[in-house]
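Structure at a glance
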Amino acid sequence: MTALTWLNGEAFTAFGQHILWSDMIGNIIGLAALALGWRRSILTWPAQLLSGVILVGAYASAQLSGGVGKQLLVIGVALWGWRQWQRGRQQAQDGSIAVRFAGRQERAVLLGGTVLGTLAVGGLFAAVPELSWNPWPDAYIFVGTLAAMVAQARGLVEFWFAWLLVDLVGVPLAFSSGLVFSGLVYVIYLALVLWGMRDWWLRSRAAAVPLEGAAA
């Protein structure tokens, strides 16, 4: 038995679903990556990278080209984000990752890119049904995930808002599709997102106070 065959094998059955090892391991690593992002640990990026590699192998073995393509994009963004945080740590005197709210232009670019990206990817998924069984929600979640990763790479508090918007669609979609296990995982994601959002928000305010004092 090869590693890819094992990854595509069944780990257990829950709520009538056959949970694959790749799905379970990928979700666990994804949760760990989100928690590490909350703690502003640079290990969040290799965790996201590892999750993507596992899913690429699983999708490739199952001949799901759409899944492979999506995960390759996630891997690319994770590598870029990893490099961004490495530079941020080198520039910071205490080696920490600074967090802040996006400026107006950054927010507009992030929002506009997400909308256009969702329209483009959703159109592609609709035109090529084998890429996705539920084109528009899938496109929304996929592009939203990439937008969240880009915001995270730049240390923007909006990273958490992007994840929140993804979860608001991902949770009901999973439950309505009968994917109870995936829905429960999204609920855990949602809890981590809310805690992480609060932490980064407070940190951005604390960082802004000394700057305002210096300006005065």
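Residues numbered from 1 in each chain as written. Predicted model: local features only at pLDDT ≥ 70, side-chain atom pairs only at ≥ 80, totals over all residues. Heavy atoms only, no water.

**Examining the pairing of strand 2 (residues 17–20)**
Burial of strand 2 is one-sided: the residues Q17 and I19 facing one way are buried, the residues H18 and L20 facing the other way are not. Two strands pair when backbone bridges link them, and strand 1 (residues 10–14) and strand 2 are joined in this way by four bridges, in the antiparallel orientation. Bridging from a neighbouring strand, T13 pairs with H18 of strand 2. Counted along the chain from strand 1 to the antiparallel partner strand 2, the turn is two residues long, and its residue F15 has a positive phi close to 55°. (Buried < 20%, exposed > 50% of the residue type's maximum accessible area, 1.4 Å probe, protein only. Helix = DSSP H or I, 4+ residues; strand = E, 2+ residues; numbered from the N terminus. Pairing = 2+ DSSP bridges.)

**Section: the packing of helix 2 (residues 21–38) against helix 7 (residues 158–176)**
At a minimum axis distance of 12 Å, the contact between helix 2 and helix 7 shows a crossing angle of 150°. Considering the angle they form, helix 2 stands roughly antiparallel to helix 7. For helix 2 against helix 7, the interelement crossing comes out left-handed. Contacts between helix 2 and helix 7 involve L34, G37 and W38 from the first element and F159, W160 and W163 from the second. Broken down by class, the residue content of the contact of helix 2 with helix 7 amounts to five nonpolar, one polar and no charged. (Axes fitted to C-alpha atoms, helices over the stretch in contact; angles between N-to-C directions. Parallel < 35°, antiparallel > 145°, perpendicular 65-115°, else oblique. Left-handed = near helix turned anticlockwise from the far one by under 90°. Contact = heavy atoms within 4.5 Å. Nonpolar A, V, L, I, M, F, W, Y, C, P; charged D, E, K, R; others polar.)

**Brief notes about helix 6 (residues 135–153)**
Compared with the 27 Å implied by 1.5 Å per residue over 19 residues, the 27 Å span of helix 6 between its first and last C-alpha is a close match. Residue G155 follows helix 6 closely and has a positive phi angle near 70°. (Expected span 1.5 Å × (residues − 1).)

**Quick notes on the pattern of salt bridges**
Tallying each qualifying case throughout the model produces five salt bridges. In this structure, E106 and R100 form a salt bridge, with 2.8 Å as the shortest nitrogen-oxygen distance. In this structure, the salt-bridge partner of E106 is R154, at a minimum N-O distance of 3.1 Å. Note that E106 is positioned in helix 5 (residues 104–127) and R154 in the loop between helix 6 and helix 7, a separation of 48 residues in sequence. When its relative accessible area of 40% is taken as the criterion, R154 is described as partly exposed. Within this structure, R100, E106 and R154 form a network of salt bridges that share partners. (Salt bridge = Lys/Arg side-chain N within 4 Å of Asp/Glu carboxyl O.)

**Here's the deal with the packing of aromatic side chains**
According to the stated counting rule, one finds ten aromatic pairs in the structure shown. With centroids separated by 6.5 Å and ring planes inclined at 35°, the aromatic side chains of W85 and W200 adopt a geometry described as tilted. Taken together, the residues span a long stretch of sequence, with W85 in helix 4 (residues 65–91) and W200 in helix 8 (residues 180–215) at a distance of 115 residues. Its relative accessible area of 1% is what places W85 among the buried residues. (Phe/Tyr/Trp six-rings, centres within 6.5 Å; stacked < 30°, edge-to-face > 60°.)

**Some words on the packing of helix 6 against helix 7**
Packing of helix 6 against helix 7 leaves a shortest axis separation of 8 Å and a crossing angle of 160°. Compared by their axis directions, helix 6 and helix 7 come out roughly antiparallel. For the pair helix 6 and helix 7, the sense of crossing is left-handed. Every residue of helix 7 that contacts helix 6 at P137, Y140, I141, G144, T145, A148, A151 and Q152 is listed here: E158, F159, A162, W163, L165, V166, V169, G170 and L173.

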